[in-house]
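# Observations on the three-dimensional arrangement
The lines below spell out each chain.
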Amino acid sequence: MIPQQWASPCGNQCTHRYAALMQIPWRVFCKKGCDADGETWQECLSECNEICYKDPVLKDQQWSAYIDRSPGAANYSEECFHACVAGCGYKFEMCKEKVDKVKPNRPLRPKPPPVEKLPNPPPVTKPDEPAEDVPSTSA
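Residues numbered from 1 in each chain as written. Predicted model: local features only at pLDDT ≥ 70, side-chain atom pairs only at ≥ 80, totals over all residues. Heavy atoms only, no water.

## A look at the side chain of Asn 49
Relative to the helices and strands, Asn 49 is located in helix H3 (residues 41-52). With a relative accessible area of 7%, Asn 49 lands in the buried category. In contact with Asn 49, not counting residues within four places along its chain, are Phe 81, Pro 104, Asn 105 and Arg 106. (Helix = DSSP H or I, 4+ residues; strand = E, 2+ residues; numbered from the N terminus. Buried < 20%, exposed > 50% of the residue type's maximum accessible area, 1.4 Å probe, protein only. Contact = heavy atoms within 4.5 Å.)

## Thoughts on the nonpolar core
Among the nonpolar cores identified, the biggest contains 23 residues, and Trp 41, Phe 81 and Val 85 are the most heavily contacted of them. Taken together, the elements giving at least two residues each to this core come down to helix H1 (9-17), helix H2 (24-34), H3 and helix H4 (74-91). At seven residues, the largest contribution of residues to this core is made by H4. The residues contacting Val 85, other than those within four sequence positions of it, are Trp 41, Leu 45, Cys 48, Val 99 and Val 102. (Core = buried A, V, L, I, M, F, W, Y, C linked by side-chain atoms within 4.5 Å.)

## So, the environment of Glu 50
The residue Glu 50 is located in helix H3 in this model. As a C-alpha pair, Glu 50 and Phe 81 span 31 residues in sequence and 9.3 Å in three-dimensional space.

## Quick notes on the state of the cysteines
Tallied over the entire structure, the rule returns five disulfides. Linked covalently through their sulfurs, Cys 10 and Cys 34 form a disulfide whose S-S length is 1.8 Å. Measuring handedness by torsion sign, the sulfur bridge of Cys 10 and Cys 34 sits at about -80° and is left-handed. In this pair, Cys 10 sits in helix H1 while Cys 34 sits in helix H2, placing the two residues 24 residues apart along the sequence. Here Cys 10 and Cys 34 have matching classes, each one buried. The partner cysteine of Cys 52 in its disulfide is Cys 80, sulfur to sulfur 1.9 Å. (Disulfide = S-S within 2.5 Å.)

## Let's talk about the environment of Asn 12
Within the secondary structure, Asn 12 sits in helix H1. Considering only alpha carbons, one finds Asn 12 and Lys 31, 19 residues apart in sequence, at a separation of 8.8 Å.

## Some points on H3
Helix length check: H3, at 12 residues, gives a terminal C-alpha distance of 17 Å against a target of 16 Å (1.5 Å per residue), a fit within 8%. For H3, every residue scored as buried is listed here: Trp 41, Cys 44, Leu 45, Cys 48, Asn 49 and Cys 52. One face of H3 carries all of its buried residues, which in axial projection span an arc of 150°. In this structure, H3 carries Gln 42 and Glu 50 as exposed residues pointing more than 90 degrees from its buried face. On its buried face, H3 sits against H2, H4 and helix H5 (96-101). (Expected span 1.5 Å × (residues − 1). Arc of directions from axis to C-beta.)

## Some words on H1
For H1, the set of buried residues is Cys 10, Gly 11 and Cys 14. Within H1, the buried residues cover an arc of 100° as seen down the axis, which keeps them to one side. Structural note: H1 exposes Pro 9 and His 16 on the side pointing more than 90 degrees away from its buried face. Packing partners of the buried residues in H1 comprise H2 and H4.

Below, the structure is given as structure tokens:
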């Protein structure tokens, strides 16, 4: 058996798509899409949502989402989801265009409002007068 035969064809496609060293986490999630238990495309996508987004582990205990093993940051969850969906796409032999159109069924976090820059406060001293940080004292 040669090394290319050790993994499934789906897993090999994930390895090629996420070959860079910095993409190893996404390769893992792509392979999770390949190995998902879902029997249909929709079930596989549902598993990607469960894998990649933090949910409470204990029912009705929101704090327990912190012990969920999915990526924490919103952008990591989204990257994870797209990698997992790519694995589902390889598994079910979906065209790349259909895979690229899939969006998570989670609401996107709103962008933070722009930070307003406050005007500089007027100087306390007169322009021709030197400013002193420490009052004049002799030691």
